Amino acid sequence: MSATLYRNASVLDGSGAAPFAGDVLVEGNRITDVAAAGRMPPRVDAQTIECNGTTLMPGLIEPHAHLSFVDQTTPFAFNTIPVEEHLLLTLKHARLYLDCGFTGCFSAAATKPRLDVVARNAINRGEHPGPRMLAASVQFTVTGGVGDLRQMHLDPGEAMYTLPCDGPVEFRRAAREACREGVDVLKIVPSGDTSTPAVPSPRTLMTDDEVAAVCDVARNHDRVVAAHARSAESIKMCVRHGVDVIYHATYADAEALDMLEGAKDRVFVAPALSVTWTRLHEAGKYGLPSTPAMKTRIERDLELTIACMIELKRRGVRVLPGGDYGFMWNPHGNNARDLTYFVDLLGFTPMEAIVGATKLGGEIMRMDSELGQVKKGFLADLLLVDGDPLADLRILEDRSRLVAIMKDGAFHKAPPPQLPQRQRAAA
Ligand SMILES: [Zn+2]
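Residues numbered from 1 in each chain as written. Predicted model: local features only at pLDDT ≥ 70, side-chain atom pairs only at ≥ 80, totals over all residues. Heavy atoms only, no water.

Novice: Give a description of the coordination of the zinc ion that names residues and reports values.
Specialist: The protein atoms donating to the zinc ion are His 64 (NE2), His 66 (NE2) and Asp 324 (OD), with metal-donor distances spanning 2.1 to 2.2 Å. Since its relative accessible area comes to 2%, His 64 is described here as buried. (Donors = N, O, S within 2.8 Å, 3.2 Å for Na, K, Ca; no water. Buried < 20%, exposed > 50% of the residue type's maximum accessible area, 1.4 Å probe, protein only.)

Here you go:
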């Protein structure tokens, strides 16, 4: 069995505890010992890494990934890419996420039915580098809902990124079919979205019995349901019927906030701040926002989402980063930016943002007893970071500062022979 001994690291373990000077032993794919620096006996059979006080932390986990997004400007791009090329791009993004220190990702929808599943399987078989992955279905919504790009005079073809369904029978069939194909996550879109003016964010699109049908299939097949839910009523439907992950929650009213708080032990909320923030502030060269009225609507979305997340955090609801990366103005590979948004926009401490991307990441992946912390018995998904992310979170956005990336006990990026000397954290 291969073994790696990290010596003299500043261990930022993901639990929320202050970093400590420590040694960490990895045997096979697991962390088998964690001790104060200098307490662990030398191991001649282990690759020993003298960390010199660099930070050893859990790999980051992206809770709102779309690996089959292609840094496009509009969703129409999905329909014009043949499935073969689309799979190659999906795998390219999977590798990029690992290069960026994301050793886990929870998919928030694929853009063709089997892209996530095939990518996940290739990664799990060791045929292609990529993060641990929960694979998602395409998104299910109603006729005319977000992403229903059909036009009556055109053949929609097979590969819509949104699958329109109407009535509980159609939703149930779509969900069962996705389960048959091997997805882990069923994605629904019960509300509108500002990006689709015909169905704005405060509008509720799916009905109670449609949401219930998908949740029922998920329970029967032991799958997870994730929802794009911006309207107040859509959030309430999600909580009522047992949706596990709620994205955006923009228009949550007092009753929706109470319901989310009441379900805080089982529900996760992720606002996806980056896609909205960048669309407002960094997408000008792509002609976005497209009109002053659209700009006003996006500003409102962002303002309300921020207020909602601050309130949910105050009430103890698990609020996770993750930012809908994969648009031209919000490209893949910048995912660690979300941690800084959490600090700058939501008032999280850097430690709380890191816990959101590590420990809570393990929880949303449904692997909370073995993923997302530097802890004895946990899976060895680890980053060695040149610098202190608690002092400057933006270090995590700089790939050159991620001096080693380990997934499942094996190096995706091996450390250099000599690591820089860093101030060791106080023992
Ligand atoms: Zn999304």
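Next, the rest of the story.
Novice: Which residues make up the packing of aromatic side chains, and what are the values?
Specialist: The full count for this structure, using the stated rule, is 8 aromatic pairs. The interplanar angle of 70° and the centroid separation of 6.5 Å between the aromatic rings of Tyr 6 and Phe 411 together place this pair among those described as edge-to-face. Of this pair, Tyr 6 sits in strand S1 (residues 3-11) while Phe 411 sits in strand S18 (residues 410-413), and the two are 405 residues apart along the sequence. Here a set of aromatic residues connected by ring pairs shows up, and it is made of Phe 69, Phe 78, Tyr 161, Phe 327 and Trp 329. Between the NZ or CZ atom of Lys 313 and the centre of the ring of Phe 348, over which it lies, the distance is 4.9 Å. (Phe/Tyr/Trp six-rings, centres within 6.5 Å; stacked < 30°, edge-to-face > 60°. Helix = DSSP H or I, 4+ residues; strand = E, 2+ residues; numbered from the N terminus. Lys NZ or Arg CZ within 6 Å of the ring centre and 35° of its normal.)

Novice: An account of unusual backbone geometry is requested, with residue identities and associated values reported.
Specialist: Negative phi characterises most residues that are not glycine, and trans characterises most peptide bonds. Residue Pro 289 is bonded to the preceding Leu 288 through a cis peptide linkage, with omega at -10°. Considering the arrangement of structural elements, one finds Pro 289 in the loop between helix H8 (273-281) and helix H9 (292-314). In this structure, Asp 222 is a non-glycine residue whose phi angle is positive, near 55°. Within the secondary structure, Asp 222 sits in the loop between helix H5 (208-221) and strand S12 (224-229). Among the residues examined, Asp 222 registers a relative accessible area of 55% and is labelled exposed. The phi dihedral of Ala 249 is positive, around 55°, even though this residue is not glycine. Structurally, the position occupied by Ala 249 is in the loop between strand S13 (245-248) and helix H7 (254-262). According to the relative accessible area criterion, Ala 249 is buried, its value standing at 0%.

Novice: Got a sec to walk through the pattern of salt bridges? Specific residues and values, please.
Specialist: Going through the model one piece at a time under the given rule, you end up with 29 salt bridges. Across the salt bridge formed by Glu 181 and Arg 180, the nearest N and O atoms sit 2.9 Å from each other. Here Glu 311 and Arg 314 are joined by a salt bridge, their closest N and O atoms 2.8 Å apart. Remark: Arg 314 and Glu 311 occur in helix H9; sequence separation between them is 3 residues, near one turn of the helix. Among the residues examined, Arg 314 registers a relative accessible area of 62% and is labelled exposed. Linked by salt bridges that have partners in common, Asp 258, Glu 261, Glu 311, Arg 314 and Arg 315 make up one network. (Salt bridge = Lys/Arg side-chain N within 4 Å of Asp/Glu carboxyl O.)

Novice: Can you tell me about the environment of Pro 42, naming the residues and giving the values?
Specialist: In this fold, Pro 42 is placed in the loop between strand S3 (30-36) and strand S4 (47-50). Between the C-alpha atom of Pro 42 and that of Gly 147, which follows or precedes it by 105 residues, the distance is 57 Å.

Novice: Pulling in residues and values, what's your account of the packing of H5 against helix H6 (residues 232-241)?
Specialist: Relative to each other, H5 and H6 sit at 35°, their axes nearing to 9 Å. When you trace H5 past H6, the crossing you get is right-handed. Of the residues in H6, those in contact with Asp 208, Val 211, Ala 212, Cys 215 and Arg 219 of H5 are Met 237, Arg 240 and His 241. (Axes fitted to C-alpha atoms, helices over the stretch in contact; angles between N-to-C directions. Left-handed = near helix turned anticlockwise from the far one by under 90°. Contact = heavy atoms within 4.5 Å.)

From the geometry alone we can't say anything about function, so treat these as descriptive.
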